[in-house]
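Close look at the chain arrangement
Single-letter residue listing:
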2 protein chains.
Amino acid sequence: MKKRYLLAPGPTPVPESTLLAMASPIIHHRTPQFSAIFKEAAGLLRYVFQTEEDVIMLAASGTGAMEASITNLFSPGDEVVAVNGGKFGERWGKLSEAYGLKVHWLQVEWGKAVEAGAVKKLLDKNPGIKGVLTQASETSTTVAHPVKEIAALTRDRDCLTIVDGITAVGVFDVPMDSWGIDVLVSGSQKAFMLPPGLAFISLSKKAWKFRESSKCPRFYFDLAKERKNLGKDTTAYTPAVSLITGLKESLRLIKEEGLEKVFARHDRLARAARAASLALGLKLLAPESPSNAATGIYVPDGVDGEKLVKFIRDEMGVTLAGGQDHLKGRILRIAHLGFTDTFDIIIAVSAIEMALHKFGHKVKFGSGVAAAEEILKEGYR
Amino acid sequence: MKKRYLLAPGPTPVPESTLLAMASPIIHHRTPQFSAIFKEAAGLLRYVFQTEEDVIMLAASGTGAMEASITNLFSPGDEVVAVNGGKFGERWGKLSEAYGLKVHWLQVEWGKAVEAGAVKKLLDKNPGIKGVLTQASETSTTVAHPVKEIAALTRDRDCLTIVDGITAVGVFDVPMDSWGIDVLVSGSQKAFMLPPGLAFISLSKKAWKFRESSKCPRFYFDLAKERKNLGKDTTAYTPAVSLITGLKESLRLIKEEGLEKVFARHDRLARAARAASLALGLKLLAPESPSNAATGIYVPDGVDGEKLVKFIRDEMGVTLAGGQDHLKGRILRIAHLGFTDTFDIIIAVSAIEMALHKFGHKVKFGSGVAAAEEILKEGYR
């Protein structure tokens, strides 16, 4: 008899009304009935992306939309910058290389944000660069990159700012149009409070221009074809019907709460997670430019982080995330994006307090929770 | 965007696998298919009641089974003792009076358990008394009454011990057969981890003898008729099909965990709730004979308990219970029965810490949680 709590940076918990919407009988996708759901979801996606442009839905995980960004906008041999400060930055570069692009790898220490100045230097030195590929939130290191500054750098160049906002859109402010982001990508299983299976992508007018001359091979992820279908309230290929039915409900919940309040909630939860970690004497992975999607914490010396995460998941029922690559076993990550609230943070912190104690680390019980409560109480009138 | 946590002493949370079982398409009740489910549930009920006798399922709330105890075993004019130490003890007496029984009201201060000696004195003084009606767990005052001692008093008399175990069966040890309890009653929405709508009742051989001479009017709650049907794996009247389908699953979960572990879990959660309350400087309602089903706590002077419970429910999403009658506004009750685990206690205590602070009461954040964690950590290897 164990209750389960999902506090990993994706998939994230799905609200009850969305689960119930997805449990509705499957309807056919070439019907006015489905088109009405689709159209409403498409409209609400623009609100969350903060854009006037179309937001295309793909039956794919987020990586599918990342791939679509490359294959629809570039040609083999094109030069791009890949901001590589974690697993997902690395993915931008590998994806580009898979399609024959020339990648300028911009290495960033894990846990640090890229400096816009470093991007500028690369662009100045290599005027042929056609795109800067970055994360808004690098999930593997819990870092937020300076997307606004990067977008400002490419605005007057023949170059696109392409942003993986998979754990950023709906978490913190990444206003696509006003910041001049050319491509913004996200995925269903994050702040959209849905199961995995849908990817979202929106292109600026400048990006659509790039589409015209792009020569990468593509078929399923043909964004021009999808845009044409979107105009007719449908998709080119079979859409994930139940996920889109759920999307409409999750987006309705986001709209009802209001983006500003959604961002404030994520900010409050993130600050509480960071304060609790520090109160427990644990070092933050990204102290300077943390993402509000998740909080990375170094496990204390002498504690095996992999075993700790496994214990918290299997014995305590709380699913946090560990570290990847060279951070494997050295960190744990508390996610606080999507359908998360005050007591998710309390649960995570309390679980960490008891688990560290079990692992022989000296912990003052309640000290992390106390620091979290000091911040979380702001959430109540 | 608020998550909801149900920590009231009924209804209690329902596990996912039980919810899914109840979401199965409705089957007809006069079929071998339903009889198989019914039979399995009936067998597992005996395990939870710790009895060799039949446990009858009624489509009713617990009060229905209390009424069945009176109408099936007594006649107008019969004398009974009603242990009246709270709302539910009072109900025993009122129910008996409604059917013309003569009630010896045994008044007990709210928050205290009845003394078996007081019951003995009444029985000795009034040899005509046919039944002692008591709660095993008086939910309104979070008290456990000494059922074992009471049952020992009636064993050799022409008198039954009739126990409302609605918030006791499946929470702590109330072994019907070995303690010689004559009637044991419970309800679905408590430790059985189901929605409300089912009541359970089991009678000893001695109680079935009383059934033969009882003259109270009855029809729907005719236990002899139900027992006959139970022998044919069915019910006299239409059973609550989906609830019984869910019951089978919830009982399977209880069996899988094992009664001993179920009791240990409730004991751990209850001790944690009490320790947390004391650490926060809050007085327990039932310090001497607390029930492991729920913990009653006095709210501090100057704090309006009704407003506090409302704030915790409406603002924080956590449903606790307040007080009834003269305790209205003076106490709150944290329930920890049924599908509850470590983090339900943490959530309740953390919510109380933040809410008391909001209400102007001086609280050391984390101090209640720390006391709870000291005990809850026992639950992990």
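On a predicted model such as this, the values are computed, not experimentally measured, just so you know.

With that settled, the discussion passes to the pairing of strand 9 (residues 183-187) of chain B. Residues and elements named next belong to chain B. Counting buried positions over the 5 residues of strand 9 gives 5, a clear majority of the element. The alternating pattern of strand 9 places Val183, Val185 and Gly187 on one face and Leu184 and Ser186 on the opposite face, and all of these are buried. Direction of pairing for strand 8 (residues 160-164) relative to strand 9: parallel, over a ladder of 3 bridges. In the strand pairing of strand 9, Ile162 is matched with Val183.

Residues and elements named next belong to chain B. Read from one edge of the open sheet, 7 strands run 2-10-9-8-5-3-4, paired in mixed fashion. The open sheet terminates on both sides in strands that have one partner only, identified here as strand 2 (55-59) and strand 4 (102-107). Strand-to-strand twist in this sheet, taken as the mean axis angle between neighbours without regard to direction, amounts to 20°. The pairing of strand 3 (residues 79-84) with strand 5 (residues 129-135) spans 4 bridges and is classified as parallel. Looking at the pairing, Val81 lines up with Val132 of strand 5.

The next subject is the pairing of strand 5 of chain B. All names here are of chain B. Most of strand 5 is tucked away, with 7 of its 7 residues classed as buried. Two elements, strand 5 and strand 8, share 5 bridges in a ladder whose sense is parallel. By the bridge assignment, Thr134 is partnered in strand 8 with Val163.

Residues and elements named next belong to chain A. Each assigned domain of chain A is listed with its residue range as follows: domain 1 (16-256) and domain 2 (258-379). The straight-line distance from the C-alpha centre of domain 1 to that of domain 2 is 28 Å. Each side of the interface is counted separately: domain 1 has 23 residues, and domain 2 has 22 residues. Taken together, the residues that form the side of domain 1 that touches domain 2 break down as 11 nonpolar, 8 polar and 4 charged.

Counting residues at the interface gives 30 residues for chain B, matched by 31 residues for chain A. A per-element tally of the side of chain B that touches chain A places helix 13 (residues 342-358) of chain B first, with 8 residues. Across the side of chain B that touches chain A, the residue classes tally to 14 nonpolar, 4 polar and 12 charged.

Residues and elements named next belong to chain A. Strand order in this open sheet of 7 strands is 2-10-9-8-5-3-4, and the pairing throughout is mixed. Of all strands in the sheet, those bounded by a partner on one side alone are strand 2 (55-59) and strand 4 (102-107). On average, adjacent strands in this sheet sit at an angle of 20° to one another, irrespective of strand direction. Most of the contacts of helix 4 (residues 87-98) go to strand 3 (residues 79-84), to which it runs at about 155°, and overall it touches strand 3, strand 4, strand 5 (129-135) and strand 8 (160-164). Of the strands in this sheet, strand 3, strand 4 and strand 5 touch helix 5 (residues 116-125), which is tilted by about 150° from strand 4.

This next bit is on the relation of the copies chain B and chain A. Relative to chain A, chain B is turned by 180° and slid 0.0 Å along the rotation axis, the superposed coordinates differing by an RMSD of 0.0 Å. Such a combination of rotation and displacement between the chain copies is what one expects of a two-fold axis. For chain B, the smallest separation between a C-alpha atom and the rotation axis is recorded for B:Gly366, amounting to 2.2 Å. Mapped onto chain A, 100% of the interface residues of chain B again fall at the interface, so both copies present the same surface.

Before going further, it helps to examine the confidence of the model for chain A. Averaged over all residues, the pLDDT of chain A is 97; the fraction at 70 or higher stands at 100%. The complex prediction reports pTM at 0.95, with the ipTM value standing at 0.93.

All names here are of chain B. At a minimum axis distance of 9 Å, the contact between helix 2 (residues 32-49) and helix 10 (residues 241-257) shows a crossing angle of 45°. Taken together, the axis directions place helix 2 and helix 10 in an arrangement best described as oblique. Seen along the crossing, helix 2 lies across helix 10 with a hand that is left-handed. Judged by residue contacts, Phe34, Ile37, Phe38, Glu40, Ala41, Leu44, Leu45, Tyr47 and Val48 of helix 2 engage Val241, Ile244, Thr245, Leu247, Lys248, Leu251, Arg252, Ile254 and Lys255 from helix 10. Partitioned by chemical class, the residues of the contact of helix 2 with helix 10 number 13 nonpolar, 1 polar and 4 charged.

Time to look at the packing of helix 12 (residues 305-314) of chain B against helix 13 of chain B. Residues and elements named next belong to chain B. One way to put it is that helix 12 packs onto helix 13 with a least axis distance of 10 Å and a crossing angle of 125°. Compared by their axis directions, helix 12 and helix 13 come out oblique. Here helix 12 runs over helix 13; the crossing is right-handed. Across from Leu308, Phe311 and Ile312 in helix 12, the residues of helix 13 making contact are Ala351, Ala355 and Lys358. Its residues assigned to classes, the contact of helix 12 with helix 13 comprises 5 nonpolar, no polar and 1 charged.

Parameters at a glance
- Residues numbered from 1 in each chain as written.
- Chains lettered and ligands numbered in written order.
- Predicted model: local features only at pLDDT ≥ 70, side-chain atom pairs only at ≥ 80, totals over all residues.
- Buried ≥ 20, exposed ≤ 12 C-beta atoms within 10 Å, placed from the backbone.
- Helix = DSSP H or I, 4+ residues; strand = E, 2+ residues; numbered from the N terminus.
- Pairing = 2+ DSSP bridges.
- Axes fitted to C-alpha atoms, helices over the stretch in contact; angles between N-to-C directions.
- Domains from an automatic or database assignment.
- Contact = placed C-beta atoms within 7 Å.
- Nonpolar A, V, L, I, M, F, W, Y, C, P; charged D, E, K, R; others polar.
- Least-squares fit on C-alpha atoms with pLDDT ≥ 70 in both.
- pLDDT = per-residue confidence, 0-100.
- Parallel < 35°, antiparallel > 145°, perpendicular 65-115°, else oblique.
- Left-handed = near helix turned anticlockwise from the far one by under 90°.

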